[in-house]
Protein chains: 2
Amino acid sequence: MKIERHTATATDDEPGSTPERLVAAAERLFAERGFNGVSVREIAAAAAVNPASVGYYFRSKEGLLAEVYRRHCQPMNEERFRLLAAARERARPPALAAVLEAFIRPALKLTGDAKAPVTRLRAVLSAENSELLDKLVAENFDRSSGRFIDALGECLPHLSRDDIYWRFHFLLGAVYYTAAGPHRIRTLSQGRCDPADSEAVIRELVPFLSAGLSAPPVPRP
Amino acid sequence: MKIERHTATATDDEPGSTPERLVAAAERLFAERGFNGVSVREIAAAAAVNPASVGYYFRSKEGLLAEVYRRHCQPMNEERFRLLAAARERARPPALAAVLEAFIRPALKLTGDAKAPVTRLRAVLSAENSELLDKLVAENFDRSSGRFIDALGECLPHLSRDDIYWRFHFLLGAVYYTAAGPHRIRTLSQGRCDPADSEAVIRELVPFLSAGLSAPPVPRP
DNA sequence: GTCTATAGAGCGATAGAC
DNA sequence: GTCTATCGCTCTATAGAC
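Summary of the structure given here. (Residues numbered from 1 in each chain as written. Chains lettered and ligands numbered in written order. Predicted model: local features only at pLDDT ≥ 70, side-chain atom pairs only at ≥ 80, totals over all residues. Heavy atoms only, no water.)

1. Let's talk about the overall build of chain A
Alright, step 1. The helix and strand inventory of chain A stands at 10 helices and 0 strands.
Alright, step 2. In sequence order, the secondary structure elements of chain A are arranged as α-α-α-α-α-α-α-α-α-α.
Alright, step 3. Its C-alpha atoms give chain A principal-axis dimensions of about 60 × 45 × 35 Å.
Alright, step 4. Counting only residues that meet the buried cut, chain A has 52% of its 221 residues in that class. (Helix = DSSP H or I, 4+ residues; strand = E, 2+ residues; numbered from the N terminus. Buried < 20%, exposed > 50% of the residue type's maximum accessible area, 1.4 Å probe, protein only.)

2. Considerations on the protein's contact with DNA strand D
Alright, step 1. Around DNA strand D, the structure places 13 residues, and the nearest of them are A:Asn50, A:Tyr57, B:Val40, B:Arg41 and B:Lys61.
Alright, step 2. Contacts to DNA strand D include A:Asn50, whose side-chain N or O atom sits 2.6 Å from a phosphate oxygen.
Alright, step 3. B:Ser39 has a polar side-chain atom sitting 3.0 Å from a phosphate oxygen of DNA strand D.
Alright, step 4. For the surface near DNA strand D, the elements supplying multiple residues, two or more each, are helix H3 (52–58) of chain A together with helix H2 (40–46) of chain B.
Alright, step 5. It is H3(A) that provides the largest number of residues to the surface near DNA strand D, a total of 4 residues.
Alright, step 6. Of the residues assigned to the surface near DNA strand D, the class counts are 6 nonpolar, 4 polar and 3 charged. (Near = heavy atom within 4 Å. Polar contact = N/O pair within 3.5 Å; in protein donor to acceptor, adjacent residues only side chain to side chain. Nonpolar A, V, L, I, M, F, W, Y, C, P; charged D, E, K, R; others polar.)

3. Structural notes on the interface of chain A and chain B
By convention, interface size is frequently given as the accessible area that disappears when the constituent parts associate.
Alright, step 1. Listed as interface residues are 53 residues of chain A and, on the opposing side, 53 residues of chain B.
Alright, step 2. Taken together, both faces of the contact between chain A and chain B bury some 4,700 Å²; the carbon and sulfur share is 68%.
Alright, step 3. On the chain A side of the interface with chain B, the three residues burying the most area are A:Trp166, A:Phe170 and A:Phe208, jointly 17% of the side's total.
Alright, step 4. Across the chain A-chain B interface, the total number found is 6 salt bridges.
Alright, step 5. One salt bridge in this structure joins B:Glu204 and A:Arg220, with 2.4 Å as the shortest N-O distance.
Alright, step 6. Put simply, chain A and chain B have 16 residue pairs in polar contact (both at pLDDT 80 or more) between them.
Alright, step 7. At the level of secondary structure, the elements contributing two or more residues to the side of chain A that touches chain B comprise helix H6 (119–125), helix H7 (130–155), helix H8 (161–180), helix H9 (184–188) and helix H10 (198–213) of chain A.
Alright, step 8. Residues that form the side of chain A that touches chain B fall into these classes: 31 nonpolar, 9 polar and 13 charged. (Contact = heavy atoms within 4.5 Å. Buried area = accessible area lost by both parts, 1.4 Å probe. Salt bridge = Lys/Arg side-chain N within 4 Å of Asp/Glu carboxyl O.)

4. With respect to the packing of helix H5 (residues 96–108) of chain B against helix H7 (residues 130–155) of chain B
Residues and elements named next belong to chain B.
Alright, step 1. In the contact formed by H5 and H7, the axes pass within 9 Å of each other and the chain directions differ by 165°. Judged by the angle between their axes, H5 and H7 are roughly antiparallel. Note on packing geometry: the crossing formed by H5 with H7 is left-handed. Here Leu96, Val99, Leu100, Ala102 and Phe103 of H5 lie close against H7, whose contacting residues are Ser144, Phe148, Ala151, Leu152 and Cys155. (Axes fitted to C-alpha atoms, helices over the stretch in contact; angles between N-to-C directions. Parallel < 35°, antiparallel > 145°, perpendicular 65-115°, else oblique. Left-handed = near helix turned anticlockwise from the far one by under 90°.)

5. Topic: the nonpolar core
Alright, step 1. A:Ile104 and B:Ile104 are the most contacted members of the largest nonpolar core, which has 140 residues in total.
Alright, step 2. Among all residues touching B:Ile104, those that are not within four sequence positions of it are B:Val175, B:Ile202, B:Leu205, B:Val206 and B:Leu209. (Core = buried A, V, L, I, M, F, W, Y, C linked by side-chain atoms within 4.5 Å.)

6. Side note on the packing of helix H1 (residues 18–33) of chain B against helix H4 (residues 61–90) of chain B
If you want to describe how two helices pack, look at the angle between their axes and the distance between the axes.
All names here are of chain B.
Alright, step 1. Interhelical geometry of H1 versus H4 gives an angle of 85° and a closest axis separation of 9 Å. Here H1 lies roughly perpendicular to H4, going by the angle between them. Of H4, the residues touching H1 (which contributes Glu20, Leu22, Val23, Ala26, Glu27 and Phe30) are Lys61, Leu64, Leu65, Glu67, Val68, Arg71 and His72.
Alright, step 2. A class-by-class count of the residues in the contact of H1 with H4 yields 7 nonpolar, 1 polar and 5 charged.

7. Observations regarding the protein's contact with DNA strand C
Alright, step 1. Taken together, A:Val38, A:Ser39, A:Val40, A:Arg41, A:Ala52, A:Ser60, A:Lys61, B:Asn50, B:Ala52, B:Ser53, B:Tyr56 and B:Tyr57 are the residues near DNA strand C.
Alright, step 2. Close to the protein, within 4 Å, the atoms of DNA strand C are drawn from sugar and phosphate at a rate of 58%.
Alright, step 3. Within the contact set of DNA strand C, a base nitrogen lies 2.7 Å away from a side-chain nitrogen or oxygen of A:Arg41.
Alright, step 4. Within the backbone of A:Lys61, one N or O atom sits 3.0 Å away from a phosphate oxygen of DNA strand C.
Alright, step 5. For the surface near DNA strand C, the secondary-structure elements that each account for two or more residues are helix H2 (40–46) of chain A together with helix H3 (52–58) of chain B.

8. With respect to helix H4 (residues 61–90) of chain A
Because each turn of an α-helix spans 3.6 residues, side chains separated by three or four positions end up pointing in the same direction.
Alright, step 1. For H4(A), built from 30 residues, the straight-helix expectation of 44 Å at 1.5 Å per residue is met to within 8% by its first-to-last C-alpha distance of 44 Å.
Alright, step 2. A distance of 3.3 Å separates the backbone nitrogen of A:Glu62 from a side-chain oxygen at the start of H4(A), and that oxygen is part of A:Ser60. (Expected span 1.5 Å × (residues − 1).)

9. Describing the relation of the copies chain A and chain B
Applying a rotation about an axis and a shift along it to one chain copy brings it onto the other copy.
Alright, step 1. Once turned by 180° and shifted 0.0 Å along the axis, chain A lies on chain B with an RMSD of 0.1 Å. The superposition operator between the copies reduces to a two-fold rotation axis.
Alright, step 2. Both copies contact each other with a shared surface, as 100% of the interface residues of chain A are interface residues in chain B too. (Least-squares fit on C-alpha atoms with pLDDT ≥ 70 in both.)

10. Quick notes on the side chain of B:Glu204
Alright, step 1. Along the chain, B:Glu204 turns up in helix H10 (residues 198–213).
Alright, step 2. You can call B:Glu204 buried: its relative accessible area is 1%.
Alright, step 3. Engagement of the side chain of B:Glu204 in a polar contact is seen with the side chain of A:Arg220, the distance being 2.4 Å.
Alright, step 4. Setting aside residues no more than four positions away along its own chain, B:Glu204 makes contact with A:Asp163, A:Trp166, A:Phe170, A:Val218 and A:Arg220.

11. What to know about the packing of aromatic side chains
Alright, step 1. Counted under the stated rule, the structure contains 19 aromatic pairs over all chains.
Alright, step 2. Between A:Tyr57 and A:Phe58, the aromatic rings sit 6.4 Å apart at their centres with planes inclined by 55°, giving tilted as the arrangement.
Alright, step 3. When the centroid spacing of 4.9 Å and the interplanar angle of 85° are considered together, the rings of B:Tyr56 and B:Tyr57 count as edge-to-face.
Alright, step 4. A relative accessible area of 67% places B:Tyr56 in the exposed class.
Alright, step 5. A network of ring pairs unites the aromatic residues A:Trp166, A:Phe170, A:Phe208, B:Trp166, B:Phe170 and B:Phe208 as a single cluster.
Alright, step 6. The ring centre of A:Phe81 lies 3.8 Å from the NZ or CZ of A:Arg147, which sits over that ring. (Phe/Tyr/Trp six-rings, centres within 6.5 Å; stacked < 30°, edge-to-face > 60°. Lys NZ or Arg CZ within 6 Å of the ring centre and 35° of its normal.)

Keep in mind that these numbers describe shape and distance, not what the molecule does.
If you want it as structure tokens, here you go:
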């Protein structure tokens, strides 16, 4: 769809254009304060752009969120798939720890300009706005979740599909909570455990999840 | 402080009084939609009470939240301590699974009138409003968290204090995410795994966390 | 002590000039 | 295509009647 121009005239997809500035500012502010915690005016001010541009380019505040969400998830999921493929090349079935890291590492990567992980956006949003958000989650993660659930099933053949679902759910909780970054554990540990340190999180979280996922199957009624 | 009256006149602490009605309605609505997602007017309407009462009894919307939070956490923590003491009576050190269940079960209990776990309130709030919320969390949970971290340390003498902190953090993530109730896993599993079924959650979560917490200590630089 | 009424600010969205 | 201006609405908090 994108057409190359002969001139240097700014197009909508270039970094400094109005919609790009809006998406960048919105990603940061939504991640910091959620959807209801930020106004369109604040986003426009942070982007140094006219407030009316939001309606013009994205139809509404929700339209802007949808675009932010999409652009946010796409590269993260691509990196997840790339790492998962690499893990599969190293071993069949892939090592459990490698699958977990392929899922977690891209989620904890820091965004370009902010100091928060990309996943904080989703962690913060996951509580509110359930109408629109369910749609966005399904659109952006059905394929990704399915593939990782399959990979976990390969690694853990002693488990039923339901075991995998439950444990994948708990895994998501640990990752989201960490990405949301409540510094509670940093306070309690007097600074020694810092959820903002993604390498430390991966080092601690992967063995924890590996052990949890490898637990014996749960007998169900 | 409460004084018994000779008459049936309503006092501030009686179930149907204005502040009680406000707290009950606010607990439900804040848990459903977060702090920014609900207006004082909506809360007052749900309580069938005048909107101005919020300012009168609680000084502000935030004051109402603080009261809701306090009343919400206190009985839950009391039940946690009661269950933890019972686990200690059965064995010294207490069984790991018993400690975990003592922490989790009261958090997943359903509120009186709503169908959501009491913990959903905290899960939803934990993303937004960090200024006030950090204060509330510290006020309401420092004692509780400390005692459970100690109990986990007793159960898991092979772990360092930092191992315990990290794993307690991941535990919180799994519990909060479940309580926030994203039915994502219910959809993916075509209804077979339902995070709203607290008995099922406890059955699945306790073995998962037991195994995760019991993992070998992580070598740290 | 509880109400009505409203102040004062901020909201999302849009019409219409340029 | 991007702006200014503003509509119509909702918000929190409070002043003052009863």
